[in-house]
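# Descriptive structure summary
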Amino acid sequence: MLKTARGLCAWLLGFAVMLSSSWVLAEEAEQLKFNMTRGVTPVSQDIHGLHMLMFWWCVGIGVVVFGIMFFSMFVHRKSRGVKPANFHESTALELTWTAIPFAILIAMGIPASKSLIELYDTSESEVDVLITGYQWRWKYEVLGEDVSFFSNLSTPRDEIDGFAEKNPNYLLEVDEPLVLPVGKKIRFIVTANDVIHNWWVPDFGVKRDAIPGFTNDSWAVIEEPGVYRGQCAELCGKDHGFMPIVVEAKSDAEYRAWLDEKKAAAAALAELTEKTFTFDELYAKGEEVYNRSCAACHQANGEGVPGAFPSLKEGISVGPIQNHIDVVVNGVPGTAMQAFGEQLSEVDIAAVVTYERNAWGNNMGDLAQPLDIYNHKQGK
Amino acid sequence: MKWLPENPNARLTVKLTAVVSFMFVFAIFIMPPLYDAFCEITGLNGKTGEKYQAVDVKVDTSREIKVQFVATNNEGMPWQFGPEVKTVTVHPGEQTRINYLVKNTTGRDMIGQAIPSLIPYKAASYFHKTECFCFNQQALLAGDDAVLPMYFIVDQDLPKYIKTITLSYTLFDVTDRFSEEELLSMAATGPITLTAEQ
Amino acid sequence: MAHGPAKGITRWLYTTNHKDIGSMYLWFSFAMFFLGGIFALVIRAELFQPGLQIVEPNFFNQMTTMHGLVMVFGAVMPAFVGLANWMIPMQIGAPDMALPRMNNWSFWILPFAFAMLSSTLFMEGGAPNFGWTFYAPLSTTYAPPSVTFFIFAVHIMGASSIMGAINIIATIMNMRAPGMTYMKMPLFVWTWLITAFLLIAVMPVLAGVVTMMLMDIHFGTSFFDAAGGGDPVLFQHVFWFFGHPEVYIMILPAFGIVSAIIPTFARKPLFGYSSMVYATAAIAFLSFVVWAHHMFTVGLPIAGELFFMWATMLIAVPTGVKIFNWVATMFKGAMTFETPMLFSIAFVILFTIGGFSGLMLAIAPADFQYHDTYFVVAHFHYVLVPGAIFSITAGVYYWLPKWCGNMYNETMGKMHFWLAFIGLNVTFFPMHFSGLAGMPRRIPDYNMMFADWNMISSVGAFLFGAAQVMFLYNIIATIVSGKKATDEVWENPEGLEWTVPSPAPYHTFETPPEYK
């Protein structure tokens, strides 16, 4: 009995020491990823401060309470021949240990309330970004700048399935990152297209639910240039774990250049819509688009998942081409098939339709040009 | 209460069952309207109010409020949908008209419903719509397009610190909720019945 | 005229005996505990290392959902009802539960509910995959077809809980032995009385919210659909109006069990009995005004955030009072550390740690970083596993000799404790770190920076699972071939249940005892 109690004490003490030392270590070596990030915005730094304050309060209370408890477990053991006392009531004590925690709570709550008020102050922003959550990608629109694009996971399927070595940014990398200027007040306006998502970048201390039909807002002033990564933080279905966020914070000049580049790219894309592509160009491009936007459900081999996602080796990809285009552009209401007309460019849709009609032994032999897609989208 | 059973266990069971039934009814029939009322008062979720009866007020030209308009298509809604002008600057008390443009690009006749949401929430109760396409569903035949107007007034009592208001409309496909005839009659009436060209 | 139990299967099907029904509840919940545990191990196996190895993301979501539902509604709640069935009549000197036929009914609908819920795993489109909190519209517009069966299963579970609660309230209020005033009732009875009132108040709300889902899915209403003027956030408000009291439903009876065990092994009366009762009532009351702390990132107005933050922090006060009372009970006692005491002490320590992380989560600004990360997962497993599971385990070891008349194997009990204790901490402590480092919950795959913590957690989970197999073996061995236990079992334990022989006869207190 004695050994057990002593063992319990020793183990728990060791455990406590291990924990507290690990936290101290974490302070020194953030790359160990023990602790919450300090982040690069005033809000995230405030939150980090609150977090550490709360942590040390808890450690302090824990040391006192567990200290008394372990002292008692060690000293007041029957095996040491002690006789139990019989006290079982003390109004004074009860009042004391109601009042003291109460006071501590007020000490905790006041700084927390202050930070909260700051966190909610989204007024006077210089850059407004509309963020829309989709199953399972993000869309960014810089308000007033005519820049709007989708941001998809870019980790290759092979890395997820274990056929290729995972790169350091595994699952935290996207094809089109959002670029933002440092030192400016940025307002994030968050909404969703289907289910509830949540846009979270730990380094900004920004986490907001994206709710279909409603808008939320949040803000950040990024103090240091860098690449900041985050993830969706609200269960949103199958690929909830596969819709990362990447934000690159750059100088104002670089940010401006990025906006121009985006606009130029959009113009170039519009021009490409007019162009006629060869079959091989479309097929190659289509394979890429397919693996990025379609393979998650319809699978890389086009066979789909029986009962959930239809096979593309039959049905629309081997039927009339107008019908095929319509399904990709407008989706199928009431099913998991989304309308890709908004998410993908005309070129991408033409390519993926061409690919689907000719891959996996489908051999339809026909192809779709971007202009066909454009006309379809215009209702012609 | 005489009608309660004599047996104390049965009495208690009847009373507790009454509590259970009340809580069930409370959850379904009382909480949602309570929540709606609460949202209306606090502007929670940016729900903007019902049609506003314009009152004669002075325009406060000393203040300028930037109003941003954004549009989102909900999943399964392929229409082209967006504001004609993305930002306007208004004075509190002055009535302004803006338009959203919409086009049914599909080969199907469809009905859409736009749901407004406004941030900051605090501003929702100071943002009055005298007429809005969002008060009704919009039916568009295959390939049709329309101009959807919205008239609004920003209240003079809008808190001083609010300088920008962002109004977002999300367009939902609600075709399934209506019959073919309803759709056709809605489409015939046009996208909006304007009470007057104010 | 004391007659024994009927023979054969009809004994169990038709029984109205609180001891039989209590045993069935306990065995059922044990079975569900293993089922939910298997789901958890599938999750931990997939998360053992980065990459997708074992299950598809969609099936992974089904596992997280089913694990939560089965553990909450199948393991923890029925286990407490089972303990209540066995112990409340014996602790208050009643011959049986107040409404014995309803008691039979409330148990026997449970297996059907869980058969229905489990059958969804084999349906087209799979089992519910929207998390145990089933937020709309993921659980309505975007749900698999099996959601309808899920809704019916929840209705049946709710009906069972409500009937159980009515029965417990009636038993406690109407059937106490002469002399047992409210303020003399054992704390397990008190905490259960308060829990039962919580159940009466919130289970209908759960029934309401799933009914609204059902109507949205099949009857064209739009409670939670913005397109028809509804609001997905309303779902969360209604759900958590149920959900927050629900988490106290899973912890208050645990307080009662621990308050019975600690005095026995400290050989000293419970410190601050009346403050314990008031604290429990205060916690129950506060549980109704804190629900939106689960929704800090949903976009509440700032006044709402502040209110719910302060109200939530306030819960720490009565909870602290309870912890301090237990420590004061141990202080200057003459302690021994048998298995039930070990589990109870671990309960006090680990539940306090869970309380600390709860306090941190209550701080609304900080919650913007913690929300929906593994920090939250660590928090609620620290309050639920040591809180509910350890206290139930402690209760089983404590009262098992009274139930079956045999003493369990103390060495094996201690081994079970240490394995479970180490397994639990190895599983859940690293989750604090992975959460703070930025790992969201409910994801089947993750970046390498979370890999070390996840691997440790997975190892711990299998260790914890193995410990529970040992528990099962120990219980069976005790029933089949344990040494005879004395009537008192422990040294001078408090309570009427120890005045009857071991094993407790089929009918006890047919003439009410006089309670001083």
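Reading guide: rules and limits
Residues numbered from 1 in each chain as written. Chains lettered and ligands numbered in written order. Predicted model: local features only at pLDDT ≥ 70, side-chain atom pairs only at ≥ 80, totals over all residues. UniProt positions renumbered as here; feature names shortened; annotations may be inferred. Helix = DSSP H or I, 4+ residues; strand = E, 2+ residues; numbered from the N terminus. Buried ≥ 20, exposed ≤ 12 C-beta atoms within 10 Å, placed from the backbone. Contact = placed C-beta atoms within 7 Å. Nonpolar A, V, L, I, M, F, W, Y, C, P; charged D, E, K, R; others polar. Pairing = 2+ DSSP bridges. Axes fitted to C-alpha atoms, helices over the stretch in contact; angles between N-to-C directions. Parallel < 35°, antiparallel > 145°, perpendicular 65-115°, else oblique. Left-handed = near helix turned anticlockwise from the far one by under 90°. Expected span 1.5 Å × (residues − 1). Core = buried A, V, L, I, M, F, W, Y, C linked by C-beta atoms within 7 Å.

Labelled according to an unreviewed UniProt entry, chain C appears under the name Cytochrome c oxidase subunit 1, originating from Gilvimarinus gilvus. Check the Pathway (unreviewed entry) section of the UniProt entry for chain C; it says "Energy metabolism; oxidative phosphorylation." As recorded by UniProt, the Sequence similarities (unreviewed entry) comment attached to chain C reads in full: "Belongs to the heme-copper respiratory oxidase family."

Chain A is annotated in an unreviewed UniProt entry as Cytochrome c oxidase subunit 2 of Gilvimarinus gilvus. In its Catalytic activity (unreviewed entry) section, UniProt records this for chain A: "4 Fe(II)-[cytochrome c] + O2 + 8 H(+)(in) = 4 Fe(III)-[cytochrome c] + 2 H2O + 4 H(+)(out)". Of the comments in the UniProt record for chain A, the one headed Function (unreviewed entry) reads "Subunits I and II form the functional core of the enzyme complex. Electrons originating in cytochrome c are transferred via heme a and Cu(A) to the binuclear center formed by heme a3 and Cu(B)."

### Regarding the overall build of chain A
Check the secondary structure of chain A and you find 10 helices and 10 strands. Each principal axis of the C-alpha atoms in chain A carries an extent, and together these give about 95 × 50 × 35 Å. Buried positions account for 43% of the 380 residues belonging to chain A. Long-range pairs, those at least 24 residues apart, make up 65% of the contacts in chain A with a sequence separation of at least 6.

### Focus: the overall build of chain C
The secondary structure content of chain C amounts to 16 helices and two strands. In terms of overall dimensions, chain C has a C-alpha envelope of 65 × 50 × 45 Å along the principal axes. By residue count, 67% of the 516 residues in chain C fall in the buried class.

### Some thoughts on the UniProt feature "transmembrane region" (unreviewed entry) in chain A
All names here are of chain A. On the UniProt side, "transmembrane region" (unreviewed entry) is annotated at positions that read residues 50-71 and 92-110 here. Structurally, residues 50-71 is divided into 100% helix and 0% strand, and its ends, taken at the C-alpha atoms, are 31 Å apart. Helix makes up 100% of residues 92-110 and strand makes up 0%, while its end C-alpha atoms are separated by 27 Å.

### Thoughts on the interface of chain C and chain A
Contacts between chain C and chain A engage 77 residues on the former and 81 residues on the latter. At the level of secondary structure, the elements contributing two or more residues to the side of chain C that touches chain A comprise helix 3 (57-92), helix 7 (232-249), helix 10 (302-314), helix 11 (316-330), helix 12 (339-362), helix 13 (364-370) and helix 15 (410-437) of chain C. Per element, the largest residue contribution to the side of chain C that touches chain A is eight residues, and it comes from helix 11 of chain C. Here the side of chain C that touches chain A is built from residues that sort into 50 nonpolar, 18 polar and nine charged.

### Some remarks on the environment of Trp-453 of chain C
Residue and element names in this part refer to chain C. With respect to the element layout, Trp-453 can be found in helix 16 (residues 451-481). On the basis of neighbour count, Trp-453 is assigned to the buried category, with 24 C-beta atoms found within 10 Å. For the pair Trp-453 and Leu-138, spaced 315 residues apart in sequence, the C-alpha to C-alpha distance is 29 Å. For Trp-453, the contacting residues outside a window of four places in its chain are Pro-430, Phe-433 and Ser-434.

### Re the interface of chain B and chain A
Think of interface size as the accessible area that goes away when the parts come together; that is how it is often given. Between chain B and chain A, the contact holds 29 residues from the first and 29 residues from the second. Of all the elements in the fold, those that place two or more residues in the side of chain B that touches chain A are strand 1 (65-73), strand 5 (110-119) and strand 9 (164-173) of chain B. In terms of residue class, the side of chain B that touches chain A is made up of seven nonpolar, 17 polar and five charged.

### Topic: the sheet that holds strand 5 (residues 185-192) of chain A
Residues and elements named next belong to chain A. Read from one edge to the other, the open sheet built from five strands follows the order 3-2-1-5-8, with strand pairing classed as mixed. Both edges of this open sheet fall to strand 3 (147-151) and strand 8 (216-221), since each of them pairs with a single strand only. On average, each strand axis in the sheet is inclined to that of its neighbour by 20°, with strand direction left out of account. Bridging between strand 5 and strand 8 involves six bridges; their strand directions are antiparallel. The residue of strand 8 that forms the bridge with Arg-187 is Trp-219.

### Things to note about the packing of helix 8 (residues 321-330) of chain A against helix 9 (residues 346-358) of chain A
All names here are of chain A. It is the contact of helix 8 with helix 9, at a shortest axis distance of 10 Å, that shows an interaxial angle of 130°. The angle between helix 8 and helix 9 places the two elements in the oblique class. The handedness of the crossing between helix 8 and helix 9 comes out as right-handed. Of helix 9, the residues touching helix 8 (which contributes His-324, Ile-325, Val-328 and Val-329) are Ile-349, Val-352, Val-353 and Arg-357. Taken together, the residues of the contact of helix 8 with helix 9 break down into six nonpolar, one polar and one charged.

### Quick look at helix 12 of chain C
Under the 1.5 Å per step criterion, the end-to-end length of helix 12 of chain C is 34 Å for 24 residues, consistent within 8% with the ideal 34 Å. Across the 24 residues that make up helix 12 of chain C, a large majority, 24, are buried.

### Comments concerning helix 2 (residues 42-75) of chain A
Under the 1.5 Å per step criterion, the end-to-end length of helix 2 of chain A is 49 Å for 34 residues, consistent within 8% with the ideal 50 Å. Listing the buried residues of helix 2 of chain A in full gives Val-43, Ser-44, Asp-46, Ile-47, Leu-50, His-51, Met-54, Ile-61, Met-69 and Met-73 of chain A.

### A word on the UniProt feature "domain: Cytochrome oxidase subunit I profile" (unreviewed entry) in chain C
Here, UniProt's "domain: Cytochrome oxidase subunit I profile" (unreviewed entry) annotation points to residues 12-516 of chain C. Annotated as residues 12-516 of chain C, this span is 68% helix and 1% strand, and its ends, taken at the C-alpha atoms, are 35 Å apart.

### Thoughts on the packing of helix 12 of chain C against helix 14 (residues 374-404) of chain C
All names here are of chain C. It is at 8 Å that the axes of helix 12 and helix 14 come closest, and there the two elements cross at 160°. When the interaxial angle is binned, helix 12 and helix 14 end up roughly antiparallel. Every pair of crossing elements has a handedness; the one defined by helix 12 and helix 14 is left-handed. Its residues assigned to classes, the contact of helix 12 with helix 14 shows 18 nonpolar, nine polar and no charged.

### Re the UniProt feature "domain: Cytochrome oxidase subunit II copper A binding" (unreviewed entry) in chain A
UniProt records the feature "domain: Cytochrome oxidase subunit II copper A binding" (unreviewed entry) for residues 124-261 of chain A in the present numbering. Between the first and last C-alpha atoms of residues 124-261 of chain A the distance is 27 Å; the span itself is 10% helix and 43% strand.

### Thoughts on unusual backbone geometry
Backbone torsion omega between Gln-135 of chain A and Trp-136 of chain A reads 0°, so that peptide bond is classified as cis. Residue placement: Trp-136 of chain A occurs in the loop between strand 1 (127-134) and strand 2 (137-142). A cis amide bond links Ala-136 of chain C with the next residue in sequence, Pro-137 of chain C, at an omega value of 0°. Inspection of the secondary structure assignment puts Pro-137 of chain C in the loop between helix 4 (100-119) and helix 5 (147-174).

### Looking at the nonpolar core
Soluble globular proteins tend to bury their nonpolar side chains together. Among the nonpolar cores identified, the biggest contains 316 residues, and Ile-131 of chain A together with Ile-169, Val-209, Val-258, Phe-347 and Ile-363 of chain C are the most heavily contacted of them. In this structure, Val-258 of chain C is in contact with Trp-326, Ser-344, Phe-347, Val-348, Ser-391 and Ala-394 of chain C, ignoring residues within four places of it in sequence. Judged by nonpolar contacts, the second largest core, of 21 residues, contains Leu-282, Tyr-290, Ala-339 and Ile-349 of chain A.

### Observations regarding the pairing of strand 7 (residues 206-210) of chain A
Regular strands have side chains that alternate between both faces of the sheet. All names here are of chain A. In terms of burial, strand 7 is largely enclosed, as five of its five residues are buried. What you see with strand 7 is no split at all: Val-206, Arg-208 and Ala-210 on one side and Lys-207 and Asp-209 on the other are buried throughout. With five bridges connecting them, strand 6 (residues 197-201) and strand 7 associate as antiparallel partners. Counterpart to Val-201 in the pairing with strand 7 is Val-206.

### What about the sheet that holds strand 10 (residues 245-250) of chain A?
All names here are of chain A. Reading across from one edge, 4-10-9-6-7 is the order of the five strands in this open sheet, with mixed pairing throughout. Bordering the open sheet on either side are strand 4 (178-181) and strand 7, each of which pairs with just one other strand. On average, each strand axis in the sheet is tilted by 25° relative to the strand beside it, whichever way the strands run. Packed on one face of the sheet, helix 5 (residues 252-274) meets strand 4 and strand 10 and runs near 140° to strand 4.

### Brief notes about the environment of Phe-150 of chain A
All names here are of chain A. One can find Phe-150 in strand 3. Judged by the 18 C-beta atoms lying within 10 Å of it, Phe-150 is partly exposed. It is 6.6 Å that separates the C-alpha atoms of Phe-150 and Gln-343, two residues lying 193 residues apart in sequence.

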